[in-house]
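Chain and residue survey
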Amino acid sequence: MSITLSKSGAPKATKSYAARAAREPLAPFTFDRRDPLPHDIVIDVLFCGVCHSDIHQARDEWGGSLFPMVPGHEIAGRVIGVGDKVTKFKVGDLAAVGCFVDSCRTCGSCGEGLEQYCENGMTVTYNGIDRSGAPTFGGYSERLVVDEAYSLRVSEKLDLAATAPLLCAGITLYSPLRHWKAGPGKKVGIVGLGGLGHMGVKFAHAFGAHVVLFTTSPGKVEDGKRLGADEVVISKDADAMAKHANSFDLIVDAVSAEHDMNAYLNLIKRDGTLVLVGVPEKPLSIHPFSVVAKRKNFAGSCIGGIAETQEMLDFCAEKGIVSDIELIPIDKINEAYERMLKSDVKYRFVIDMASLKNS
Ligand code: NAP
Ligand code: ZN
Ligand code: ZN
């Protein structure tokens, strides 16, 4: 098997930041990437977004975390090597990778391009086990070796650092907004102005819906409007919430912590839908009458498939949509986690991976 590698070489030893155990701070860690297989590309990771799921998993809030863990699934970089069967990329191209790097490729969901719902389980970009039995390590690392079929093409037109969060935060909001047909004439709510939520506001606005942002942070009202919300409601204000009772076609809830879902179900109109994308640590409690009385739908949604993620990236390139980011060096990652827990980020941290390579 002949593998073409760039002149830069792409050695196996790869620098990263890893959590060694739940609730331990992330620290430098070196591991070996696999030799590229014929369909693999080698990506020099230039930027990696910081998702709240990274915190949930590094701190084992969902259970079953595998350590050491190299988080990061909002990955953007340049191709520095290609296997001999690669057709979609060449050395020098931009490439991006999101939350999964493989799936069974044979089940009904994979057949429909919904690899994120693979009936045999997608292979997540980190905190997973690949088909060779090896642990997967994510984008807080110098480089990634990944099958081209699970890699995305990125336009040179967009700011690359601000594009990285589209790979999780972006697609996670784009997919339900498309699926439940956010658009002109629809009243659409987004709950939580974090990494996911701010992309939800941007996309719902771009799709032509009437957008209402719900936030717990009074300091985010002006930003909410700037990002595309027609109205902003402080969710702790019961009177302001009551004014919107039974009026929404769709609300997407992107909150990372425990909160009252019934408050949002009350705002959905008959046959409308509340979609949960946030994955708080603890189970949620729903009052039966919140859904029964007006035939309301309560749904969930998980990232998006490869085809839809590419569609989203192409849409963003056409419309000039990227994430609002704060660029950080990798040694600020633990501080960034603490700030995210205080909802103190506008609106996505992105790691400048040059800081790791130069360390
Ligand atoms: P994030 O940037 O930390 O944003 C979360 C937002 O939730 C905060 O900015 C805050 O918004 C709001 N919030 C936080 N604590 C709250 C509380 N106690 N009560 C009410 N609101 C609160 O997180 P993210 O990266 O966007 O991720 C959000 C959630 O989605 C996480 O649970 C993550 O694991 C999950 N996720 C799911 C998928 C999926 O495929 N379904 C994909 C990626 C991430 P305000 O300040 O505006 O209130
Ligand atoms: Zn994520
Ligand atoms: Zn499958």
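Whatever comes next refers back to the structure up there.
The following paragraphs examine the structure supplied in this document.

On to the overall build of the protein. When its secondary structure is counted, the protein shows 12 helices and 18 strands. Radius of gyration (C-alpha) of the protein: 20 Å, near the 21 Å computed for a compact globule of 359 residues. By principal-axis analysis of the C-alpha atoms, the protein measures approximately 65 × 40 × 35 Å. Total accessible area on the protein is roughly 14900 Å²; 52% of this is exposed by carbon and sulfur atoms.

This next bit is on the environment of Tyr150. Counting through the fold element by element, Tyr150 comes out in the loop between strand E9 (143-147) and strand E10 (152-153). The contacts of Tyr150, once residues within four sequence positions are left out, are Val97, Phe100, Val101, Asp102, Ser103, Arg105, Glu115 and Ile306. At a separation of 2.7 Å, a polar atom in the side chain of Tyr150 contacts the side chain of Ser103.

Bringing the coordination of the zinc ion (ligand 2) into the picture now. Taken together, Cys51 (SG), His73 (NE2) and Cys168 (SG) make up the protein donors of the zinc ion (ligand 2), found 2.0 to 2.2 Å from the metal. Read in sequence order, the donor residues coordinating the zinc ion (ligand 2) give the pattern C-x21-H-x94-C. With His73 in the loop between helix H1 (52-58) and strand E5 (75-83) and Cys168 in the loop between helix H3 (160-163) and helix H4 (169-179), this pair connects stretches of sequence that are 95 residues apart.

Expected angles at a metal are 109.5 degrees for tetrahedral coordination by four donors and either 90 or 180 degrees for octahedral coordination by six donors. Coordination sphere of the zinc ion (ligand 3), protein contribution only: Cys104 (SG), Cys107 (SG), Cys110 (SG) and Cys118 (SG), at 2.3 to 2.4 Å. What the four donor atoms of the zinc ion (ligand 3) show is an angle range of 102 to 119° at the metal, which sorts the shape as tetrahedral. In terms of primary sequence, the donors binding the zinc ion (ligand 3) are separated according to C-x2-C-x2-C-x7-C. You'll find Cys107 and Cys110 in the same group, each marked buried.

The rules we used
Residues numbered from 1 in each chain as written. Chains lettered and ligands numbered in written order. Predicted model: local features only at pLDDT ≥ 70, side-chain atom pairs only at ≥ 80, totals over all residues. Heavy atoms only, no water. Helix = DSSP H or I, 4+ residues; strand = E, 2+ residues; numbered from the N terminus. Rg over C-alpha atoms; globule rule 2.2 N^0.38 Å. Areas by Shrake-Rupley, 256 points an atom, 1.4 Å probe, with all protein chains shown as cover. Contact = heavy atoms within 4.5 Å. Polar contact = N/O pair within 3.5 Å; in protein donor to acceptor, adjacent residues only side chain to side chain. Donors = N, O, S within 2.8 Å, 3.2 Å for Na, K, Ca; no water. Tetrahedral: all angles 85-135°; square planar, octahedral: opposite > 155°, others 65-115°. Buried < 20%, exposed > 50% of the residue type's maximum accessible area, 1.4 Å probe, protein only.

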